[in-house]
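# Chain and residue survey
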Amino acid sequence: MDRRQQKTRDAIFDAFNDLLSEKKYSEITVQNIIDRANVGRSTFYSHFETKDMLLKEMCTDLFGHVVSDHLSSESTHDFSGSGSDAGTMVTHILYHLKDNRKNITGILSGESGSLFLRYFKEYLNETFDRVFGSRAGSVPVPEDFLINHISSSFVEMVEWWIRNDMKQTPEELERYFLAVTEPILQQVDREAK
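Before going into details, it helps to say that this report is about the structure given with it. (Residues numbered from 1 in each chain as written. Predicted model: local features only at pLDDT ≥ 70, side-chain atom pairs only at ≥ 80, totals over all residues. Heavy atoms only, no water.)

## Describing the packing of aromatic side chains
Both the distance between ring centres and the angle between the ring planes are used here to describe each pair of aromatic rings. Following the criterion strictly, the structure yields nine aromatic pairs and no others. Aromatic side chains Phe128 and Phe154 sit 5.7 Å apart centroid to centroid with 75 degrees between the ring planes, which places their arrangement in the edge-to-face category. With Phe128 in helix α7 (residues 112-132) and Phe154 in helix α8 (residues 143-163), this pair connects stretches of sequence that are 26 residues apart. The exposure classification of Phe128 matches that of Phe154, with both residues buried. Ring centres of Phe154 and Phe177 lie 5.1 Å apart, and the angle between their planes is 85 degrees; this geometry places the pair in the edge-to-face category. You can see Phe154 sitting in helix α8 and its partner Phe177 sitting in helix α9 (residues 170-192), a full 23 residues away along the chain. For the residue pair Phe154 and Phe177, the accessibility class agrees, reading buried in each case. Among the aromatic residues, ring-to-ring pairing joins Phe116, Phe120, Phe128, Phe154 and Phe177 into one connected group. Between the NZ or CZ atom of Lys51 and the centre of the ring of Tyr25, over which it lies, the distance is 4.2 Å. (Phe/Tyr/Trp six-rings, centres within 6.5 Å; stacked < 30°, edge-to-face > 60°. Helix = DSSP H or I, 4+ residues; strand = E, 2+ residues; numbered from the N terminus. Buried < 20%, exposed > 50% of the residue type's maximum accessible area, 1.4 Å probe, protein only. Lys NZ or Arg CZ within 6 Å of the ring centre and 35° of its normal.)

Put into structure tokens, the structure is as follows:
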């Protein structure tokens, strides 16, 4: 994507975020978004098929690079020299949530919250499947059940964190999360032997 396209996409994201903080998701129209972003209708539709797809893309953009093979340093954190283990990935996702606190809080506080959480959970299922899936081979439950359980636990933890004003650091929350998921995964590992 060239710089001009990225600038347009960012303007659409910013406009959508602003609107989400002002009104309910169902009240926001594509026309509202394009007016606020100062782009044409065809420009909007060249980037996003629907308002729902815009919300899904926001989730993807927010977290997509976390699983990238080429991580770079960012303003609040640097995972460029880290591996792709579960703890690093969880902490990295939490930093992105914290860095985008205003937008995430706005999205989750309205009716768009359930749709965002559905997209977020889909993303987590794919991510955690890559990280934990190899350990789930011989557990006495289906692998997709285990991954769904881990993702659901993560989503609930994030909602708890946001409700409590994100008082804990991403590193603290990562420790909490691994403390409750590792016993399950250790059981998986024991049964695999």
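Having seen it, we continue.
## Brief notes about empty space enclosed by the protein
Across all of its chains, the model carries one cavity of 30 Å³ or more by this definition. Put simply, the largest cavity is a space of about 40 Å³. Residue lining of the largest cavity: Asn17, Leu20, Ser21, Lys102, Asn103, Gly106 and Ile107, and that is the complete set. Every element with two or more residues in the lining of the largest cavity is listed here: α1 (3-22) and α6 (101-109). The element contributing the most residues to the lining of the largest cavity is α6, with four residues. In terms of residue class, the lining of the largest cavity is made up of two nonpolar, four polar and one charged. (1 Å grid on protein atoms, 1.4 Å probe; cavity = no way out; pocket = protein on both sides within 12 Å on 5 of 7 lines; lining within 4 Å. Points joined across faces, edges and corners; volume = space filled by probe spheres on them. Nonpolar A, V, L, I, M, F, W, Y, C, P; charged D, E, K, R; others polar.)

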